[in-house]
Amino acid sequence: SFAVAACDPDEPTPVQPYESGVFITHEGAFAGGTGTVSFYNRTVGGLKNDIFGAENNGAALGNILQSMSVANGKAYLVVNNANRIIIADAKTFKFQDSIVGTTLPRYFLATDNNKAFVSEWGSGGAVGAVKVLDLTTKRFTKTIATGKGAERLLQVGTKLWVVNNGGFGSDSTVAIIDIATETLSSKINVGVAPNSLIQDANGDIWVLSGNTWTAANGKLVQIRNN
């Protein structure tokens, strides 16, 4: 009877360990350490630390873990100082691949199943660009100069918005990229060192600028739709 029950086609599929919860990224020590990822399970509670190491025989992500995004069932872990993006299965966190070819990468955003964009600070941390990533071949196909210290990315319809916070230099612009043509459409001046942005229910874009290296005051800028 046990064998029959075990093969019952109506039995529910077991829930994977990282299917329902919250991922928390940790940069790690600024010099010489490694970033890690923790997972909080919404269903049963409890926090599990360094899940990448736990699922991959103690392997380290590298220095510094800047951000993480999930797309098409995969976790893309952007490791800044190591100049690479680690790909893991989002449900099991087993290592799948590693992408190189970017310098001081910051954030990852997939615009469809085949294409993603990755912001980077570039050589010396004060160049700034967005790289186009082919998700099928896992290779970068184009580099789009945006401004110093390209940071967070936001897709708004057919456009990609990028905040340029200056990196190790100074900038005060938001770059707008046409996703289809992969070209820079325009730039908008906002406060010094913009670091994040979001779209509201009315279609307006809000940009938060925070002082990094200078004595300039922070700003919250509203950019009206169209």
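Asks: Summarise the layout of surface pockets; cite the residues concerned and give the values.
Replies: What the largest pocket holds in volume is close to 220 Å³. Together, E27, F30, I64, Q66, N80, N81, L104, R106, W121 and F168 line the largest pocket. Classifying every residue of the lining of the largest pocket gives five nonpolar, three polar and two charged.

Asks: Talk me through the nonpolar core; I want residue IDs and the actual numbers.
Replies: Of all hydrophobic cores here, the largest spans 14 residues; its most connected members are V37, L61, L77 and F93. Those elements giving two or more residues to this core turn out to be β2 (36–41), α2 (51–55), β4 (65–71), β5 (74–79) and β6 (84–89). Looking at this core element by element, the count peaks at three residues for β5. If we ignore the near neighbours within four places in the chain, the residues touching L77 are V37, L61, L65, S67, M68, R84, I85, I86, A88 and F93. Membership of the second largest hydrophobic core comes to twelve residues, among which are A150, L153, L160 and I177.

Asks: Any details on the side chain of S67? Residues and values, ideally.
Replies: With respect to the helices, strands and loops of the structure, S67 is situated in strand β4. Of note is the side chain of S67, whose polar atom sits 2.6 Å from the backbone oxygen of R106. Contacts of S67, omitting those with residues within four sequence positions, involve Y76, L77, V78, R106, Y107 and F108.

Asks: Pulling in residues and values, what's your account of the sheet that holds strand β7 (residues 95–99)?
Replies: Strand order across the open sheet formed by four strands is β4-β5-β6-β7, with antiparallel pairing between neighbours. Strand pairing shows two members of the sheet lacking a second neighbour, β4 and β7, which therefore form its edges. Within this sheet the neighbouring strands show an average axis-to-axis angle of 20 degrees, counted without direction. Relative to β5, β4 runs antiparallel, the two being bridged by six bridges. Paired with L65 across the two strands is V79, which belongs to β5.

Asks: Account for the pairing of strand β11 (residues 139–145), with residues named and values stated.
Replies: As judged from the six bridges shared by strand β10 (residues 129–134) and β11, these two strands associate in the antiparallel manner. Bridging across to β11, K131 finds its partner in T143. Hairpin remark: β10 followed by β11, antiparallel, with four residues in the connecting loop; positive phi at K138, about 60 degrees.

Asks: Could you give me a rundown of the pairing of β7, with the residues and numbers involved?
Replies: In terms of strand pairing, β6 meets β7 through four bridges, oriented antiparallel. Across the sheet, residue I86 finds its bridge partner in β7, namely S98. Remark: five residues form the turn of the hairpin made by β6 and β7, two consecutive strands paired antiparallel; F93 in that turn has positive phi of roughly 65 degrees.

Asks: Residue-level account of the sheet that holds β2, with values.
Replies: The antiparallel open sheet is built from three strands, whose spatial order is β1-β2-β3. Of all the strands in the sheet, just β1 (21–26) and β3 (47–48) have a single pairing partner and so form its edges. As defined by bridge partners, β2 adjoins β3 across two bridges and the pair is classed as antiparallel. Within the sheet, the bridge partner assigned to F39 lies in β3 and is K48.

Thresholds applied
Residues numbered from 1 in each chain as written. Predicted model: local features only at pLDDT ≥ 70, side-chain atom pairs only at ≥ 80, totals over all residues. Heavy atoms only, no water. 1 Å grid on protein atoms, 1.4 Å probe; cavity = no way out; pocket = protein on both sides within 12 Å on 5 of 7 lines; lining within 4 Å. Points joined across faces, edges and corners; volume = space filled by probe spheres on them. Nonpolar A, V, L, I, M, F, W, Y, C, P; charged D, E, K, R; others polar. Core = buried A, V, L, I, M, F, W, Y, C linked by side-chain atoms within 4.5 Å. Buried < 20%, exposed > 50% of the residue type's maximum accessible area, 1.4 Å probe, protein only. Helix = DSSP H or I, 4+ residues; strand = E, 2+ residues; numbered from the N terminus. Contact = heavy atoms within 4.5 Å. Polar contact = N/O pair within 3.5 Å; in protein donor to acceptor, adjacent residues only side chain to side chain. Pairing = 2+ DSSP bridges. Axes fitted to C-alpha atoms, helices over the stretch in contact; angles between N-to-C directions.

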